[in-house]
Amino acid sequence: MAAPASSDSSSNLRIIVQSNPPESQLSELGIKSWPKWGCSPGKYQLKFDAEETCYLLRGKVKVYPKGSSEVVEFGAGDLVIIPKGLSCTWDVSVAVDKHYKFDSSSSSSS
């Protein structure tokens, strides 16, 4: 999936949120076989060294990307793609339970 060309600087890493994706898409991605991760409410400083795709089973999160005034919100039922190289703060208001997968192609040098 090619990202649209952008005139913004490379530091403008976009989080993509798809609300309530169809069950067929979730099955196609094989989400139920992905590992699970959870956290309690609180603030977390995170850096993504690989692109992560995750599907929230429960929770509510506000993400504050470093160096940006943008706030990205997502929660239960959302499919989220977090770009490689993003540093951000997760402000978790409702405990998170999610399936996740790191994009192996972004960490291998073939």
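The model shown is predicted, which means the values in this text are computed figures rather than measured ones.

Caption draft 1: Geometry of the environment of Leu86. Structurally, Leu86 can be placed in the loop between strand E6 (78–82) and strand E7 (87–102). Sequence separation between Leu86 and Leu46 is 40 residues, and the spatial gap between their C-alpha atoms is 8.1 Å. Sequence-distant contacts of Leu86, that is, excluding residues within four places in its chain, are made with Leu13, Ile15, Leu46, Lys47, Phe48 and Pro65.

Caption draft 2: Spotlight on the pattern of salt bridges. Tallied over the full model, the rule gives 6 salt bridges. Between Asp97 and Lys36 there is a salt bridge; the shortest N-O distance is 4.0 Å. Of this pair, Asp97 sits in strand E7 while Lys36 sits in strand E2 (residues 36–39); the two residues are 61 residues apart in sequence, bridging distant segments of the chain. Linking Asp49 and Lys47 is a salt bridge whose minimum nitrogen-to-oxygen distance equals 3.8 Å. For the pair formed by Asp49 and Lys47, the shared burial category is exposed. Among the ionic contacts, a cluster of salt bridges with common partners joins Lys36, Arg58 and Asp97.

Caption draft 3: Spatial organisation of the pairing of E6. Of all 5 residues making up E6, 4 are buried, and the element is well covered by its neighbours. Two strands pair when backbone bridges link them, and strand E1 (residues 16–19) and E6 are joined in this way by 4 bridges, in the antiparallel orientation. Paired with Val17 across the strands is Val80, a residue of E6. By the bridge criterion, 4 bridges tie strand E4 (residues 52–65) to E6 in an arrangement that is antiparallel. In the strand pairing of E6, Tyr55 is matched with Leu79.

Caption draft 4: Quick peek at the nonpolar core. Grouped together as the largest cluster of nonpolar side chains are 16 residues, with contacts concentrated most on Ile15, Val61, Val63, Phe74, Ile82 and Trp90. Looking at this core, the elements that each hand over two or more residues are E4, strand E5 (72–75), E6 and E7. Look past the residues within four positions of Phe74 in its chain and what remains in contact with it is Ile15, Val17, Leu56, Lys60, Val61, Val63, Val80 and Trp90. Residues Ile31, Trp34, Tyr55 and Leu79 belong to the second largest nonpolar core, which totals 5 residues.

Caption draft 5: Fine view of the packing of aromatic side chains. In the structure shown here, the tally under the stated rule is 4 aromatic pairs. On the basis of an interplanar angle of 80° and a centroid distance of 5.6 Å, the ring pair of Phe74 and Trp90 is categorised as edge-to-face. With Phe74 in strand E5 and Trp90 in strand E7, this pair connects stretches of sequence that are 16 residues apart. Its relative accessible area of 3% is what places Phe74 among the buried residues. Three or more aromatic residues link up through ring pairs in this structure, and these residues are Trp37, Phe48, Phe74 and Trp90.

Calculation rules
Residues numbered from 1 in each chain as written. Predicted model: local features only at pLDDT ≥ 70, side-chain atom pairs only at ≥ 80, totals over all residues. Heavy atoms only, no water. Helix = DSSP H or I, 4+ residues; strand = E, 2+ residues; numbered from the N terminus. Contact = heavy atoms within 4.5 Å. Salt bridge = Lys/Arg side-chain N within 4 Å of Asp/Glu carboxyl O. Buried < 20%, exposed > 50% of the residue type's maximum accessible area, 1.4 Å probe, protein only. Pairing = 2+ DSSP bridges. Core = buried A, V, L, I, M, F, W, Y, C linked by side-chain atoms within 4.5 Å. Phe/Tyr/Trp six-rings, centres within 6.5 Å; stacked < 30°, edge-to-face > 60°.

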